[in-house]
Amino acid sequence: MIHFGQISKKQFLEEYWQKKPLLIKNALPKFISPLSPDEIAGLSCEEEFESRIVTGSISMNKWDVEEGPFDEKIFAQLPNNKWTLLVQGIDRYISEVHQIISEFDFIPRWRFDDVMISFAALGGSVGPHYDHYDVFLLQGLGRRQWTTSVIDCNPENYLKDTPLRIMKNFIKETTWVAEPGDIVYIPPKVAHHGVSLDDECITLSIGYRSYLNNEMLSSLELPNNKNDAYLKDPEWEVNINPAEITQSVIEQTRRFLKINTLPKDYFGCFVTKLDPEDEKKFNEIRAYQTQEEIEELGFYQLHPICRIAYQFINQELRVFINGEVFSCSGIDEDLVVSFSNTRKLQLSNKNRTLAERLVSLSLIEKST
């Protein structure tokens, strides 16, 4: 887990989570980026990864974005400064990146979206902007200056005729410099602007999903609201089970949607459903993967693309994987809960039935 320094984890959850930004110095001591600049560039040339190159700066008042995958020759043609390479979903394919997510499991894992990694040359930036999700910005290489603001964060305050959502008026309130191992936490609707202070700057963005009321109402086949509001988390307990959906979040959701009851399996299916791109990738895995015999004492893990959560409903365990209810019949509940929280299992006679059921659905893979 990350080190919060002068504040406690409890204080972070009570005072900062979804409320205000925070610089956490030396959050992951001696942290080294799991990928080098050349490796990030190499991934952006592959079809599996969604990638972009952003050029521009506030001083230039001009921004351009180019979509990948790229030919490696493009990197020789880029200027010496004021550009950024962004690669999405790194955690799906690079195990060293996927392992980092567990450092943040004081927030429910079913809230997690993906890890984006950026490489920036000196002065590189994607411009001041705000989002509707939570993000931890982990510095991996070099230094990045972050400025934040809650002023004028509204849909009208964006530059017109530019390919990126960049704020027209950005009034700085706080300025920080992040070094390797530092983390900047940014809550929803807080504007932020990161600028590389070195020739080589790597930042990992650990992002958490947001849930729009109209999206949730549509999935329930209920009339939409006229305002676009996002579900806020309840106050999380200090020690949680990462995969558990607690009753507090169900009550929060019910109040948010202004309905008396939620269908029994609705929330678990909704928050674990894969987005269309991940669903496509996972279906390809299932189509082309040959099922091997599970090995005695072998180590296995839930496939990085997969999303898992569980909920106790009237004392009955319900497990959700990729938007569907997973059958736990004939399997010890404690084994299922442990697997859901750790996403790992070592094959034994005790958990063989669970392992075989997961393998049959292509949900687990051998752990490296």
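Residues numbered from 1 in each chain as written. Predicted model: local features only at pLDDT ≥ 70, side-chain atom pairs only at ≥ 80, totals over all residues. Heavy atoms only, no water.

(A) Quick look at the overall build of the protein. Broken down by element type, the protein carries ten helices and 17 strands. Principal-axis analysis of the C-alpha atoms gives the protein an extent of 65 × 45 × 40 Å. By the burial criterion, 52% of the 368 residues in the protein qualify as buried. Long-range contacts, defined as pairs at least 24 residues apart, comprise 76% of the intrachain contacts of the protein with a sequence gap of at least 6. (Helix = DSSP H or I, 4+ residues; strand = E, 2+ residues; numbered from the N terminus. Buried < 20%, exposed > 50% of the residue type's maximum accessible area, 1.4 Å probe, protein only. Contact = heavy atoms within 4.5 Å.)

(B) Representation of unusual backbone geometry in the model. Geometrically, the link from G68 to P69 is a cis peptide bond, its omega value of 5 degrees lying close to zero. Mapped onto the elements, P69 comes out in the loop between β3 (62–67) and α3 (74–77). The backbone of N26 sits at a positive phi, close to 55 degrees, despite the residue not being glycine. For N26, the position within the fold is in the loop between β1 (22–24) and α2 (37–43). At E221, a residue that is not glycine, the phi angle is positive and equals roughly 60 degrees. Note that E221 resides in the loop between α5 (213–219) and α6 (247–257).

(C) Focus on the side chain of T147. Residue placement: T147 occurs in strand β7 (residues 144–149). By relative accessible area, which is 2% here, T147 ends up buried.

(D) Local environment of a negative patch on the surface. A grouping of E46, E47, E48, E50, E66, E67, E277 and E284 is seen on the molecular surface, where their side chains present a negatively charged patch. If you list the elements that add at least two residues to the negative patch, you get β3 and α8 (276–288). (Patch = residues over 30% accessible without salt bridge, like charges linked within 9 Å, V, L, I, M, F, W, Y side chains within 5 Å. Areas by Shrake-Rupley, 256 points an atom, 1.4 Å probe, with all protein chains shown as cover. Salt bridge = Lys/Arg side-chain N within 4 Å of Asp/Glu carboxyl O. Lys, Arg positive; Asp, Glu negative; His and termini not counted. Charge placed at Lys NZ, Arg CZ, Asp CG, Glu CD.)

(E) A look at the pairing of strand β13 (residues 308–313). Across the six residues of β13, five count as buried, placing the element largely inside the fold. Between β13 and strand β14 (residues 316–321), which pair antiparallel one after the other, the connecting turn spans two residues, and N314 there sits at a positive phi close to 50 degrees. (Pairing = 2+ DSSP bridges.)

(F) Highlighting helix α10 (residues 352–360). What α10 keeps buried is the set L354, A355, L358 and V359. Angularly, the buried residues of α10 cover 130 degrees about the axis, an arc narrow enough to put them on a single face. Buried positions along α10 lie against β14, β15 (324–326), α9 (333–342), β16 (344–346) and β17 (364–366). Residue S362 follows α10 closely and has a positive phi angle near 60 degrees. (Arc of directions from axis to C-beta.)

(G) Layout of the sheet that holds β3. With respect to topology, eight strands assemble into an open sheet ordered β1-β9-β6-β11-β5-β4-β2-β3, the strand pairing being antiparallel. Each end of this open sheet is capped by a strand with a single partner; those strands are β1 and β3. Averaged over all pairs of adjacent strands, the angle between strand axes in this sheet comes to 20 degrees, irrespective of strand direction. (Axes fitted to C-alpha atoms, helices over the stretch in contact; angles between N-to-C directions.)

(H) Region of interest: α6. Among the residues making up α6, those that are buried are V249, I250, T253, F256 and L257. Buried positions in α6, seen along its axis, are confined to an arc of 125 degrees and lie on one side of it. On its buried side, α6 packs onto α5, α7 (266–272) and β13. Following α6 by one or two positions, K258 adopts a phi angle in the positive range, close to 60 degrees.

(I) Layout of the packing of aromatic side chains. For the structure shown, the criterion picks out 25 aromatic pairs. An aromatic cluster of at least three residues, connected via ring pairs, comprises F4, F12, Y16, W17, F104, F106, F112, F136, Y185 and Y208. Lying over the aromatic face of Y16, K20 brings its terminal NZ or CZ to 4.9 Å of the ring centre. A cation over an aromatic ring shows up here: R165 above the ring of Y158, its NZ or CZ 4.1 Å from the ring centre. (Phe/Tyr/Trp six-rings, centres within 6.5 Å; stacked < 30°, edge-to-face > 60°. Lys NZ or Arg CZ within 6 Å of the ring centre and 35° of its normal.)

(J) Expanded view of the pattern of salt bridges. Across all of its chains, the model carries 14 salt bridges by this definition. With a shortest N-O distance of 3.1 Å, D198 and R143 are connected by a salt bridge. Of this pair, D198 sits in the loop between β10 (191–196) and β11 (201–208) while R143 sits in the loop between β6 (134–141) and β7, and the two are 55 residues apart along the sequence. For R143, a relative accessible area of 33% translates into the label partly exposed. Members of the salt-bridge network, linked through shared partners, are K25, E179 and D182.

(K) Structural view of the side chain of T84. Its place among the elements puts T84 in strand β4 (residues 83–87). With relative accessibility at 2%, the residue T84 sits in the buried group. Among the polar contacts made by the side chain of T84, one reaches the main-chain amide nitrogen of S125 at a distance of 3.0 Å. Not counting residues within four places of it along the chain, the set of residues in contact with T84 comprises R52, I53, V54, S118, F119, A120, G124, S125 and V126. (Polar contact = N/O pair within 3.5 Å; in protein donor to acceptor, adjacent residues only side chain to side chain.)

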